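A structural walkthrough
Residue strings, one per chain:
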Amino acid sequence: MENGFDPDLIYAIFKRVWSRKTREREANEDVEMVGGSEVGIGTSKRNRPTTANSNALKLSCELIKLFVAEAVNRAAIIAEAEGINTIEATHLERVLPQLLLDF
Amino acid sequence: MDRSGSDLEADEDEGMQLLRDRFRLSLISIAETEAKKYDMEVSAPVMGCVSDLAFKLTEQLAKDLELFAHHGNRKSVNMDDVILSAHRNEHVATLLRSMALELKAKEPQIEKKRKKTPKQMERTGADDVLELS
């Protein structure tokens, strides 16, 4: 619990993904606008950027942290069973399919 | 394949690389703490792989959360959206739900003043739970 992701960092990544998505959407709309009628007033309202509240960000940090913790824990169990003290790529490979299905 | 190529291009400029590196740093400390519980070490390729996976998960999470919020006619992502994004795994969803309740319980107590250190908040929150029970 003492370490984890910084909510601000996660928010920065989210913002970047969202702005990229918005740009893509705007590009699509521009194409539509050329072909169709002009509905400029509604779109600007719709394209206001997405935000997130602080608790949601803390929760997202926890979710990503859980993912990392699970990845290491499951791989560690496999490595332990093999009697090796280092988690190698093969150990991660073994747990990867189920891990990805769980998140 | 084309899409991933253009995504990568967009990522490289505008400091996405910086975010990726900061993300990796916090991830390494988490992973090492977890590995220490088993007296294990995490090899470098595994660390890189987990870091990439977690970063992709974060990006996917961002897309999911935006979609969920918009579906609810909101512009702001709230805790329910995050819980919804974890619906695939019952255990994860339960964990997040209990954490959401904890966070919610903390909110009126601090009277909408946000303290900057989350650690302190956790401690005061834990004390309060003890008093209540």
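Residues numbered from 1 in each chain as written. Chains lettered and ligands numbered in written order. Predicted model: local features only at pLDDT ≥ 70, side-chain atom pairs only at ≥ 80, totals over all residues. Heavy atoms only, no water.

Within an unreviewed UniProt entry, the label attached to chain B reads Centromere protein S, and the organism entered is Aristolochia fimbriata. Recorded under Sequence similarities (unreviewed entry), the UniProt text for chain B is reproduced unchanged: "Belongs to the TAF9 family. CENP-S/MHF1 subfamily." (UniProt positions renumbered as here; feature names shortened; annotations may be inferred.)

The name recorded for chain A in an unreviewed UniProt entry is Centromere protein X, from Aristolochia fimbriata. As stated in UniProt under Sequence similarities (unreviewed entry), the record for chain A gives "Belongs to the CENP-X/MHF2 family."

Right, let's talk about the overall build of chain B for a bit. The number of helices and strands found in chain B is 6 helices and 2 strands. In chain B, the succession of helices and strands from N to C terminus is α-α-β-α-β-α-α-α. Summed over all atoms, the accessible surface of chain B reaches about 8,700 Å², with 56% contributed by carbon and sulfur. (Helix = DSSP H or I, 4+ residues; strand = E, 2+ residues; numbered from the N terminus. Areas by Shrake-Rupley, 256 points an atom, 1.4 Å probe, with all protein chains shown as cover.)

Our next topic: the pattern of salt bridges. Tallied over the full model, the rule gives 9 salt bridges over all chains. The residue Arg20 of chain A makes a salt bridge to Glu59 of chain B at a minimum N-O spacing of 3.7 Å. In this pair, Arg20 of chain A sits in helix α1 (residues 7–35) while Glu59 of chain B sits in helix α3 (residues 44–71), so the two residues belong to two different chains. Accessibility assignment for this pair places Arg20 of chain A and Glu59 of chain B in one class, buried. A single salt-bridge network, built from bridges that share partners, covers Glu70, Arg74 and Asp102 of chain A. (Salt bridge = Lys/Arg side-chain N within 4 Å of Asp/Glu carboxyl O. Buried < 20%, exposed > 50% of the residue type's maximum accessible area, 1.4 Å probe, protein only.)

The partner chain B presents 60 residues to the 62 residues of chain A that form the contact. In total, chain A and chain B occlude about 5,400 Å² of area from one another, counting both sides; carbon and sulfur atoms represent 67% of this. Together, Arg16, Arg20 and Leu59 of chain A form the three largest contributors to the area buried by chain A at its contact with chain B, with a combined 12%. Along the contact surface separating chain A from chain B lie 3 salt bridges. Across the chain A-chain B interface, the total number found is 14 residue pairs in polar contact (both at pLDDT 80 or more). Of all elements in the fold, only α1, α2 (40–46), β1 (51–52), α3 (54–81), β2 (86–87) and α4 (89–102) of chain A reach the threshold of two or more residues within the side of chain A that touches chain B. (Contact = heavy atoms within 4.5 Å. Buried area = accessible area lost by both parts, 1.4 Å probe. Polar contact = N/O pair within 3.5 Å; in protein donor to acceptor, adjacent residues only side chain to side chain.)

Right, let's talk about the packing of aromatic side chains for a bit. Residues and elements named next belong to chain A. Here the structure, examined in full by the defined rule, presents 4 aromatic pairs over all chains. Between Phe14 and Trp18 the ring centres are 5.5 Å apart and the planes differ by 45°, which places this aromatic pair in the tilted class. Of this pair, Phe14 and Trp18 both sit in helix α1, 4 residues apart, which is roughly one turn of that helix. You can call Phe14 buried: its relative accessible area is 0%. Given the relative accessible area of 2%, Trp18 is considered buried. Taking 5.3 Å as the distance between ring centres and 85° as the angle between the ring planes, the aromatic pair formed by Phe67 and Phe103 counts as edge-to-face. Taken together, the positions of Phe67 in helix α3 and Phe103 in the segment after α4 put the pair 36 residues apart, joining distant regions of the chain. Under the relative-accessibility criterion, Phe67 is labelled buried at 1%. Using a relative accessible area of 14% as the deciding quantity, one classes Phe103 as buried. (Phe/Tyr/Trp six-rings, centres within 6.5 Å; stacked < 30°, edge-to-face > 60°.)

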